[in-house]
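Working through the structure, step by step
Spelled out from the first residue to the last, the chains are:
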Amino acid sequence: MPDLMDKSIVVTGAGRGIGAAMAKALAADGAKLTIADRTEADARQVADAIRAAGGTAIAVTVDVRDRAAVRRMIDEAVKAHGRLDVIFNNAGIAQTKPFLDITEDDWHTVLDVNAMGVLIGMQEAIKTFRAQGGGGKIINTASIAGKQGYEPLAHYSASKFAVVALTQAAARGFGKEGITANAICPGVVATEMWKIIDQGFRDTGITKSENEAFNMFAAGAVLGRPSQAEDLIGVARFLASSDSDFMTGQSLLVDGGMVFA
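Summary of the structure given here. In this text, all values refer to a predicted model and were calculated from it rather than measured experimentally. (Residues numbered from 1 in each chain as written. Predicted model: local features only at pLDDT ≥ 70, side-chain atom pairs only at ≥ 80, totals over all residues. Heavy atoms only, no water.)

Judged by pairing direction, the sheet is parallel, and its seven strands sit side by side in the order β3-β2-β1-β4-β5-β6-β7 without closing on themselves. Each end of this open sheet is capped by a strand with a single partner; those strands are β3 (56-61) and β7 (251-254). Each adjacent strand pair in this sheet contributes to an overall mean axis angle of 20°, direction not counted. Note that strand β2 (residues 32-37) and β3 share six bridges and pair parallel. By the bridge assignment for β3, Lys32 is matched with Thr56. Its contacts with the sheet put helix α1 (residues 17-28) on β1 (8-12), β2, β4 (86-89) and β6 (179-186), and the angle it makes with β2 is roughly 165°. Across the sheet, helix α5 (residues 154-174) lies against β5 (136-141), β6 and β7, angled at about 160° from β6, the strand it touches most. (Pairing = 2+ DSSP bridges. Helix = DSSP H or I, 4+ residues; strand = E, 2+ residues; numbered from the N terminus. Axes fitted to C-alpha atoms, helices over the stretch in contact; angles between N-to-C directions. Contact = heavy atoms within 4.5 Å.)

Right, let's get into the environment of Gly187. Assignment of secondary structure puts Gly187 in the loop between β6 and α6 (192-203). Along the backbone, Gly187 and Ala52 are 135 residues apart, and their C-alpha atoms lie at a distance of 31 Å. Dropping the residues within four chain positions of it, Gly187 is found in contact with Ile144, Trp194, Val254, Asp255 and Met258.

A separate point is unusual backbone geometry. Look at Asp6: it is not a glycine, yet its phi comes out positive at around 70°. Locating Asp6 in the fold gives a position in the segment before β1. We classify Asp6 as partly exposed; its relative accessible area is 46%. A positive phi angle, close to 70°, is found at Asn211, a residue other than glycine. (Buried < 20%, exposed > 50% of the residue type's maximum accessible area, 1.4 Å probe, protein only.)

Summed over the entire model, instances satisfying the criterion amount to 16 salt bridges. Across the salt bridge formed by Arg237 and Asp29, the nearest N and O atoms sit 2.6 Å from each other. With Arg237 in helix α8 (residues 233-240) and Asp29 in the loop between α1 and β2, this pair connects stretches of sequence that are 208 residues apart. Of the residues examined, Arg237 reaches a relative accessible area of 27% and is grouped as partly exposed. A relative accessible area of 4% means that Asp29 is categorised as buried. Its salt-bridge partner being Arg71, residue Asp75 comes within 3.0 Å of it at the nearest N-O pair. You can see Asp75 and its partner Arg71 sitting in helix α3 (residues 67-81), four residues apart, about one turn around the helix. (Salt bridge = Lys/Arg side-chain N within 4 Å of Asp/Glu carboxyl O.)

So this is what it looks like as structure tokens:
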């Protein structure tokens, strides 16, 4: 079992999907979780489930685009759990649009959450790590779309490339302070986000039937199946624990073999 006992971990976008699965697993390892989500009911449901299972968790509502809200989120984690050890910037959104149809509003909608939201989360966490005397772990959720661009998801891909770049920049900038930054790059995961992506493919006429886009992308996994949120748990545990102390600036593909890079 990884050494996560009593570690204070914030997970954004933890109300469902990958974030919820990871948060519950980290709590089961003894970590003290701050479940952050823009939907209060979702955050509370996950925190309640963790407590019902004997773990420690609080629920916080946050819009990751709002620096003051992110600051409050971290302050509440410190108040409840004594400090901040790990921030997991997992919140994100997706939108399917043909390349030539992407508007300025579309760009800002996706990039403001997926890239700026990660930047703000990293900045505010680093300030807290420094105030605590240094050291700390940043984990970001990127994507296979942060390794390869996809035409119907061009602005989403750009946002995830940005997450990879921010991860590398922070690793170089703060490593000597004992602060590490790494990212997880999932592939096609059976979550609500992929339902949105799949619907977008149908709305734009790229595909015709439900789950067609999902199945088309998932067919690229050499392990022969799409991912489940639980497939990301092992890497999340590793990155949050001391087992990864000498690793930073890395973006780990956990995609069943969709992309080799």
